[in-house]
Amino acid sequence: MVLVAADVVGAPCWLSLVARDLEAAQRFYGSVLGWTFRPGGFGRAFSVAERDGVPIAGIGAVAGELAVPVAWTAYFAVVDADQAVARVRERGGTVGVGPVSYPPRGRAALVADREGATFGIWEGGVLSEWSVGEGKAPAWLELHTRNAFDAAVFYGEVLEWATDGGSCCEVSYEDDQVVLRRAGEPVARLNSGPVEEAAWKPHLRPRWLVHFKVRDLDAAAALAVENGGQTVPDPEWGGGRHRQVTLRDPDGALFTLDESSDAV
């Protein structure tokens, strides 16, 4: 079932990996996380990753074509991409790409917050069976930033969190983190910690982390290394609820594995 972005405005609505080599990315994530892949509808350079028929993420081998870094990106639903891009600029953020039309599905833009953390905005249809967050969802999102409260103000205004404008999301401050909820369930967390905007290592800069859940963290991390990935030493952050490890895939994209009994 496809919903329109207005039904989930402000909430995470998709995960996307920008890669250089589609087949290599599919081999890596298929081996490490057990994903299968189907055509993504945007041409031969795109695919959709699934687990037991449930969509998890999109992969596009377009890093060179769009002149953007190899990276995982979280997308958030908006009613109007142009207005959302304007709000990003008005509040000190930057726009890297777009809005770009993807007929007939919608429009997207790649933007960054005031500290340089990259995220995407999407205006259009979203898959109702896709999900992130705690519980049975295959992934969840966390923003590493210098000041979670300041970041929440930025994202709240850009994505219309907790407003009367039809947002589906609620925001609360818990255990020194800002928690974003949809229908009462946590879907993302904003966490203050030791980041540097100008750090030469990307994993030390402000960024959105994409966490994938696994039942056996040691086995999954070993598989990642065996298939060409690398572990990345991350600084200590508060609010951790699971054992986790941050890695780079063979193409250089950062992601995090979390040990969870809810993992499929």
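Notes on the structure follow.

Quick notes on the rules
In this convention, every chain numbers its residues from 1, walking through the sequence in written order. Residue-level local features of this predicted model are given only where pLDDT is at least 70; pairs of side-chain atoms are given and counted only at 80 or more, and the full residue set underlies all totals for whole chains, interfaces and linings. For the side-chain quantities, the full set of heavy atoms in the structure was used; hydrogens and water were omitted. Only DSSP runs of H or I reaching four residues or more are called helices, and only runs of E reaching two or more are called strands; each is numbered from the N terminus. The rule is simple: take the accessible area with a 1.4 Å probe, protein chains only, and divide by the maximum for that residue type; under 20% is buried, over 50% is exposed, in between is partly exposed. Two residues form a contact once any of their heavy atoms are found within 4.5 Å. All accessible-area figures derive from a Shrake-Rupley calculation using a 1.4 Å probe, and residue coverage is judged against the displayed protein chains alone. Any two strands between which DSSP finds at least two bridges are classified as paired. Every axis in this analysis is a line fitted to C-alpha atoms, fitted for helices over the stretch in contact. Angles between the N-to-C directions lie between 0 and 180 degrees. In this analysis, a patch consists of residues with relative accessible area above 30% that form no salt bridge, clustered at 9 Å for like charges and at 5 Å for the nonpolar side chains Val, Leu, Ile, Met, Phe, Trp and Tyr. Salt bridges, as used here, are contacts in which a Lys or Arg side-chain nitrogen is within 4 Å of a carboxyl oxygen on Asp or Glu. Any angle from 65 to 115 degrees is called roughly perpendicular, while one under 35 is roughly parallel, one over 145 is roughly antiparallel, and all others are oblique. Handedness of a crossing is defined here by the sense of rotation of the near helix relative to the far one, left-handed for an anticlockwise turn of less than a right angle and right-handed for a clockwise turn. For this scheme, ten residues count as nonpolar: Ala, Val, Leu, Ile, Met, Phe, Trp, Tyr, Cys and Pro. Four count as charged, namely Asp, Glu, Lys and Arg, and the remainder, Gly too, count as polar. Note on aromatic pairs: the rings of Phe, Tyr and Trp (six-membered ring only in Trp) are paired at centre separations within 6.5 Å, and the planes decide the class, stacked below 30 degrees, edge-to-face beyond 60, tilted for the rest. Helix span, as expected, comes to 1.5 Å for every residue beyond the first. Each polar contact in these results corresponds to two N or O atoms within 3.5 Å; when the atoms are within protein, one needs to be able to donate a hydrogen and the other to accept it, and residues that are neighboring in sequence are counted only if both atoms are side-chain atoms.

### A look at the overall build of the protein chain
- For the protein chain, the count of helices and strands is 5 helices and 17 strands.
- For the protein chain, the residues scored as buried account for 48% of the 264 residues in total.
- Sequence-distant contacts, at least 24 apart, represent 63% of the contacts inside the protein chain between residues at least 6 apart.
- On the protein chain, roughly 12,100 Å² of surface is accessible, and the fraction owed to carbon and sulfur atoms is 50%.

### Description of the sheet that holds strand β16 (residues 244-248)
- The strand order β11-β12-β13-β10-β14-β17-β16-β15 describes an open sheet built from 8 strands, whose pairing is mixed. On the outer flanks of this sheet lie β11 (169-174) and β15 (230-232), each paired with one strand and no other. Taken pair by pair, the neighbouring strands of this sheet meet at an average axis angle of 30°, ignoring direction.
- Two strands pair when backbone bridges link them, and strand β14 (residues 207-214) and strand β17 (residues 254-259) are joined in this way by 4 bridges, in the parallel orientation. Opposite Lys-213, over in β17, you have Asp-258 as the bridge partner.
- Where helix α4 (residues 148-159) meets the sheet, its contacts fall on β10 (139-145), β12 (177-182), β13 (185-192) and β14, and the angle it forms with β13 comes to roughly 125°.

### Quick look at a nonpolar patch on the surface
- Where nonpolar side chains cluster on the molecular surface, the patch consists of Phe-149, Val-153 and Tyr-173 and spans about 330 Å² of accessible area.
- The exposure class assigned to Phe-149 is exposed, which follows from its relative accessible area of 53%.

### Describing the packing of helix α1 (residues 22-33) against helix α5 (residues 217-226)
- At their nearest, the axes of α1 and α5 sit 8 Å apart, and the two run at 155° to each other. Our classification of the angle between α1 and α5 gives roughly antiparallel. Crossing handedness for the pair α1 and α5: right-handed. Here Phe-28, Ser-31 and Val-32 of α1 come into contact with α5, specifically with Ala-220, Leu-223 and Ala-224.
- Residue composition of the contact of α1 with α5, grouped by class: 5 nonpolar, 1 polar and no charged.

### Notes on the packing of aromatic side chains
- Tallied over the entire structure, the rule returns 16 aromatic pairs.
- Pairing Tyr-29 with Trp-72 gives two aromatic rings, centres 5.5 Å apart and planes at 90°, and the pair type is edge-to-face. Taken as a pair, Tyr-29 in helix α1 and Trp-72 in strand β6 (residues 71-77) lie far apart in primary sequence, 43 residues in all. In this pair, the class of Tyr-29 matches that of Trp-72, namely buried.
- Consider the rings of Phe-212 and Phe-255, whose centres lie 6.4 Å apart with planes at 55°: the pair is tilted. Remark: Phe-255 occurs in strand β17 and Phe-212 occurs in strand β14; sequence separation between them is 43 residues.
- According to the relative accessible area criterion, Phe-212 is buried, its value standing at 2%.

### Remarks on the pattern of salt bridges
- Under the criterion given, the structure shown has 11 salt bridges.
- When the shortest N-O distance is used, the salt bridge between Glu-123 and Arg-107 registers 3.7 Å. Residue Glu-123 is found in strand β9 (residues 118-127), and its partner Arg-107 is found in strand β8 (residues 106-112); the two are separated by 16 residues along the sequence.
- The salt bridge involving Asp-218 is made with Arg-243; its shortest N-O contact spans 2.9 Å. Of this pair, Asp-218 sits in helix α5 while Arg-243 sits in the loop between β15 and β16, and the two are 25 residues apart along the sequence.
- What you see here is one network of salt bridges that share partners, running through Asp-82, Arg-107 and Glu-123.

### Quick look at α4
- The terminal C-alpha atoms of α4 lie 16 Å apart, and with 12 residues this matches the ideal 16 Å at 1.5 Å per residue to within 8%.
- Those residues of α4 that fall on the buried side of the exposure criterion are Ala-148, Ala-151, Ala-152, Phe-154, Tyr-155, Gly-156, Val-158 and Leu-159.
- Sitting at the amino-terminal end of α4 is Asn-147, which places a side-chain oxygen 3.0 Å from the backbone nitrogen of Phe-149.
- Phi turns positive, to about 60°, at Glu-160, one or two residues after α4.

### A look at the side chain of Asn-191
- With respect to the element layout, Asn-191 can be found in strand β13.
- Using a relative accessible area of 3% as the deciding quantity, one classes Asn-191 as buried.

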